[in-house]
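Descriptive structure summary
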Amino acid sequence: MALYFRRFITRLVTSDPLQCTHLNERSLLTQSPMNLSSHKTLPSSNNGQSENLLLNLAFNIIIPTLVLTKLSSDEYLGTTLAIVVALSFPVIYGLKDLITLKKINFFSALGVISILLTGSISLLELDPAYIAIKEATVPAIFGLATIVSLKTPYPLVKTFLYNDKILQTTRIANALEENGNSKRFEKCLANASWLVAGSFFLSSILNYILAITLITSQPGTVEFNEQLGKMTALSFPVIAVPATLFLMGALFYLFRGITKLTGLKLEDVIHHHEKKKD
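Residues numbered from 1 in each chain as written. Predicted model: local features only at pLDDT ≥ 70, side-chain atom pairs only at ≥ 80, totals over all residues. Heavy atoms only, no water.

**Let's talk about the overall build of the protein**
Let me state the cut-off plainly: In this description a helix means any DSSP run of H or I spanning at least four residues, a strand means any run of E spanning at least two, and both kinds are numbered starting from the N terminus. Think of it in three bands: residues with accessible area under 20% of the maximum for their type are buried, residues over 50% are exposed, and the middle band is partly exposed, with areas taken using a 1.4 Å probe on protein chains only. Throughout, a contact is declared for two residues whenever any of their heavy atoms are within 4.5 Å. Working definition of accessibility: Shrake-Rupley area with a 1.4 Å probe, residue cover restricted to the visible protein chains.
When helices and strands are counted, the protein shows 12 helices and 0 strands. A burial count over the protein gives 49% of its 278 residues as buried. Summarising the internal contacts of the protein: among those between residues at least 6 apart in sequence, 79% fall at separations of at least 24. When the accessible surface of the protein is summed, it comes to about 14,000 Å², and 63% of that surface belongs to carbon and sulfur atoms.

Below is the structure:
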């Protein structure tokens, strides 16, 4: 099981940068878990995967960081234009993806709103504490939505982890029914939901700590732009990596529950999308 779990995680993360959860406004548009189930499954090459990942990192992390830290002085773009240019890159990348998907979902809309809020706080030169509040609020909304969805017919864990784009859900459901474990599996899904929500709340806490630690200058200054750029650069290793590890724990728990309650091996329930030979 461990071998197939590692292979699954590798495919989940590398098959499309949208599937690598990075919970802040610079990547909600392009990396939200909702997009995991909304994308069509297409065969892809390693070169295409590497190119997409590099493009994603460039538009959401690298370019905004360089613009904010290197071009915010008056001799280049100035503080106001640097903010506009830096935030335009993740917006453009996200809108490109929305056009490709030809649909708008809650997560993508929240990503747009979050980026606009960052720009508004910066351009209106509001108290920098609002940046920290916003950074913490966005992933917290995801966490609360995940918990609340447990009381609905459509729990978000089925969007994030348990969907027919990833798993052979019909085969799993049939095996659960045969073994009389359907209700036990619903409890397993509920526990997985709390773990997923926990990853969002962890991201929320880390977002807040990172923001209040780094953003100390008043918006409208070169120092503020440089600090915002530094926060953008550090957000991936400081926030995304721990949150992703937490999410992987939820995946492992869910897959262990599936194999235990169905009697099937993990490799028997994961969709295998092999590249067609010419």
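**Concerning helix α7 (residues 129–148)**
Where we set the bar: Each helix should span, by expectation, one fewer than its residue count multiplied by 1.5 Å.
The terminal C-alpha atoms of α7, which comprises 20 residues, lie 28 Å apart, in line with the 28 Å expected from a rise of 1.5 Å per residue. Taken together, the buried positions of α7 are Ile 131, Ala 132, Lys 134, Glu 135, Ala 136, Val 138, Pro 139, Ala 140, Phe 142, Gly 143 and Thr 146.

**A closer look at the packing of helix α10 (residues 182–214) against helix α11 (residues 222–262)**
Heads up, the condition is: Note on definitions: angles span 0 to 180 degrees between N-to-C directions of axes, and those axes are lines fitted to C-alpha atoms, for helices only across the stretch in contact. We call two directions roughly parallel when the angle between them is under 35 degrees, roughly antiparallel when it is over 145, roughly perpendicular when it lies between 65 and 115, and oblique otherwise. Residues are grouped as follows: nonpolar covers Ala, Val, Leu, Ile, Met, Phe, Trp, Tyr, Cys and Pro; charged covers Asp, Glu, Lys and Arg; every other residue, Gly included, is treated as polar.
The contact between α10 and α11 brings their axes to 9 Å, and the two run at 170 degrees. In terms of their interaxial angle, α10 and α11 are classed as roughly antiparallel. A class-by-class count of the residues in the contact of α10 with α11 yields 24 nonpolar, 8 polar and 2 charged.

**A few points about a positive patch on the surface**
Inclusion rule: Only residues whose relative accessible area exceeds 30% and that form no salt bridge are eligible for patches; like-charged ones are grouped when within 9 Å, while nonpolar side chains (Val, Leu, Ile, Met, Phe, Trp, Tyr) are grouped when within 5 Å. Criterion for a salt bridge: a side-chain nitrogen of Lys or Arg within 4 Å of a carboxyl oxygen of Asp or Glu. Asp and Glu count as negative and Lys and Arg as positive, but His and the ends of the chain are not part of the count. Positions of charges follow a simple convention, taking NZ of Lys, CZ of Arg, CG of Asp or CD of Glu.
On the surface, Arg 184, Lys 187, Arg 256 and Lys 260 cluster together to form a positively charged patch. Among the elements of the structure, α10 and α11 are those that each provide at least two residues to the positive patch. Within the secondary structure, Arg 256 is located in helix α11.

**Brief notes about the packing of aromatic side chains**
Here is the rule: Each Phe, Tyr or Trp ring, with Trp reduced to its six-membered ring, pairs with another whose centre is within 6.5 Å; inter-plane angles below 30 degrees give stacked pairs, above 60 give edge-to-face pairs, and intermediate values give tilted ones.
One pass over the full model with this rule turns up 4 aromatic pairs. Where Phe 59 meets Phe 89, the ring centres are 5.7 Å apart and the plane angle is 65 degrees; that geometry is what we call edge-to-face. Of this pair, Phe 59 sits in helix α4 (residues 46–70) while Phe 89 sits in helix α5 (residues 79–101), and the two are 30 residues apart along the sequence. On the accessibility criterion, Phe 89 (21% relative accessible area) is partly exposed. Ring centres of Phe 59 and Tyr 93 lie 5.6 Å apart, and the angle between their planes is 45 degrees; on these two criteria the pair is classed as tilted. With Phe 59 in helix α4 and Tyr 93 in helix α5, the pair connects residues that are 34 residues apart, well separated along the chain.

**Details of unusual backbone geometry**
Look at Glu 125: it is not a glycine, yet its phi comes out positive at around 55 degrees. With respect to the helices and strands, Glu 125 occurs in the loop between α6 (106–123) and α7. Glu 125 sits in the partly exposed class, given a relative accessible area of 45%.

**Let's talk about the nonpolar core**
Quick reminder of the rule: Take the buried Ala, Val, Leu, Ile, Met, Phe, Trp, Tyr and Cys residues and link them wherever side-chain atoms come within 4.5 Å; each set so joined is a nonpolar core.
Leu 161, Tyr 162, Leu 167, Phe 185, Val 196, Leu 254 and Ile 258 are the most contacted members of the largest nonpolar core, which totals 30 residues. Residue assignment for this core shows that the elements contributing at least two residues are α7, α8 (157–160), α9 (169–179), α10, α11 and α12 (266–269). Per element, the largest residue contribution to this core is 7 residues, and it comes from α11. Once residues within four sequence positions are removed from consideration, Ile 258 is found in contact with Tyr 162, Leu 167, Ile 172, Phe 185, Gly 263 and Val 269. Core analysis: the next-biggest nonpolar cluster, separate from the first, contains 19 residues, Ala 86, Leu 210, Leu 214 and Leu 228 among them.

**A look at the side chain of Thr 262**
In plain terms, the rule: Definition of a polar contact: a pair of N or O atoms within 3.5 Å, with one able to donate and the other able to accept a hydrogen when the atoms are protein atoms, and with sequence-neighbouring residues admitted only if both atoms are side-chain atoms.
In this fold, Thr 262 is placed in helix α11. Among the polar contacts listed, one links the side chain of Thr 262 to the backbone nitrogen of Leu 264, at a separation of 3.1 Å. Setting aside its immediate chain neighbours within four residues, Thr 262 contacts Ile 172, Ala 175, Leu 176 and Asn 179.

By themselves, these figures tell us nothing about what the structure is for.
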